[in-house]
Amino acid sequence: MAETTLMQPKAAPGTIPGLRGIAADWASDQRAFKNVSWGKAMMWIFLLSDTFIFSCFLLSYMTARMSTTVPWPNPSEVFALNIGSKHIPLILIAIMTFVLISSSGTMAMAVNFGYRHDRVRTAALMLATAAFGATFVGMQAFEWTKLIMEGVRPWGNPWGAPQFGACFFMITGFHGTHVTIGVIFLIAIARKVLRGDFDRERRGFFTSRKGYYEIVEITGLYWHFVDLVWVFIFAFFYLW
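Residues numbered from 1 in each chain as written. Predicted model: local features only at pLDDT ≥ 70, side-chain atom pairs only at ≥ 80, totals over all residues. Heavy atoms only, no water.

Student: What am I meant to see in the packing of helix 4 (residues 91-115) against helix 8 (residues 214-238) here?
Tutor: In helix packing, the relevant descriptors are the interaxial angle and the interaxial distance, both defined with respect to the helix axes. It is the contact of helix 4 with helix 8, at a shortest axis distance of 9 Å, that shows an interaxial angle of 160°. Accordingly, the angle class assigned to the pair helix 4 and helix 8 is roughly antiparallel. In this structure, helix 4 meets helix 8 at a crossing whose hand is left-handed. For the pair helix 4 and helix 8, the contacting residues are Ile93, Met96, Thr97, Leu100, Ser103, Ser104, Met107, Ala108, Ala110, Val111 and Tyr115 in the first and Glu214, Val216, Glu217, Gly220, Trp223, His224, Val226, Asp227, Trp230, Phe234 and Tyr238 in the second. (Axes fitted to C-alpha atoms, helices over the stretch in contact; angles between N-to-C directions. Helix = DSSP H or I, 4+ residues; strand = E, 2+ residues; numbered from the N terminus. Parallel < 35°, antiparallel > 145°, perpendicular 65-115°, else oblique. Left-handed = near helix turned anticlockwise from the far one by under 90°. Contact = heavy atoms within 4.5 Å.)

Student: Any chance you could explain the packing of aromatic side chains here in plain terms?
Tutor: Under the definition given, this model contains 23 aromatic pairs. Ring centres 6.0 Å apart and planes at 40° place the aromatic pair Phe168 and Phe237 in the tilted group. Of the two residues, Phe168 is situated in helix 6 (residues 163-194) and Phe237 in helix 8; the sequence distance between them amounts to 69 residues. The interplanar angle of 50° and the centroid separation of 5.7 Å between the aromatic rings of Trp230 and Tyr238 together place this pair among those described as tilted. There is no split in this pair, since Trp230 and Tyr238 are both buried. A cation over a ring is seen here: Arg65 above Trp240, with NZ or CZ 4.6 Å from the ring centre. (Phe/Tyr/Trp six-rings, centres within 6.5 Å; stacked < 30°, edge-to-face > 60°. Buried < 20%, exposed > 50% of the residue type's maximum accessible area, 1.4 Å probe, protein only. Lys NZ or Arg CZ within 6 Å of the ring centre and 35° of its normal.)

Student: Help me understand the pattern of salt bridges, please; the structure alone is not making it clear to me.
Tutor: A side chain of one charge can pair with a side chain of the opposite charge if their charged atoms are brought near each other. A complete count under the given rule lists 4 salt bridges for this structure. With a shortest N-O distance of 3.3 Å, Lys40 and Glu217 are connected by a salt bridge. Taken together, the positions of Lys40 in helix 2 (residues 38-67) and Glu217 in helix 8 put the pair 177 residues apart, joining distant regions of the chain. The exposure class of Lys40 is buried, given its relative accessible area of 19%. Between Glu150 and Lys146 there is a salt bridge; the shortest N-O distance is 3.0 Å. The exposure class assigned to Glu150 is partly exposed, which follows from its relative accessible area of 34%. If you follow the salt bridges from partner to partner, you end up with Lys40, Glu214 and Glu217 in one network. (Salt bridge = Lys/Arg side-chain N within 4 Å of Asp/Glu carboxyl O.)

Student: Which parts of the structure should I look at to understand the nonpolar core?
Tutor: Soluble, globular proteins show a tendency: their nonpolar side chains are buried together. In terms of nonpolar packing, the biggest core is built from 59 residues, with Phe79, Val216, Trp230, Ile233, Phe237 and Tyr238 touching the most fellow members. At the level of secondary structure, the elements contributing two or more residues to this core comprise helix 2, helix 4, helix 5 (119-149), helix 6 and helix 8. The dominant element in this core, judged by the number of residues it contributes, is helix 8, at 14 residues. In this structure, Tyr238 is in contact with Pro75, Phe79, Leu90, Ile93, Glu143, Phe168, Thr172, Trp230 and Ile233, ignoring residues within four places of it in sequence. (Core = buried A, V, L, I, M, F, W, Y, C linked by side-chain atoms within 4.5 Å.)

Next comes the structure, spelled out in structure tokens:
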């Protein structure tokens, strides 16, 4: 009588099924998740933790605004500019938003050309992204200066609820710090790309592996996150 053998499905190469596989992934000496680089995985984890922080800030802002008994300042009046003889509400904030969203486009194109190993276009687009970011930070500094001269402080303001100043400086300041760090990082990586550090395997920060243009994508992940957070700040803080 012929014996029949049950064929067990084989696991994919390099993977272990079940809880043992999860433990093996996390205990791996090279990668926590197979086929995902350490740099990209750590950036995603960092962005997840940063999401929690910004969420706490925005939730605290909404709680303070809804619980105060003092009228909340009208953003359309507070953030308006007088251009000529016209009083234009939120014009500066609208320009800042346009600049930052435009920077996501140049960053996406930089990642595309980076994987094509087009050094000149990648570096140029990264520098253009950094210029957009620096413009945004400059306009934010102008906005801070204007409001400080008008009497806005973390403990009070001339238009209503005293919590407004603390919320404004905390949320926009934390986001502006992220943009500033991103600008510095963009310039540093663009410089390495332009002089060919990734092609010549020149030793240094982020350039120890030849052809390792993935750092451009990792930088892009951070930059797109900063842009996305600003959309929520714009919606909740300036439009509400």
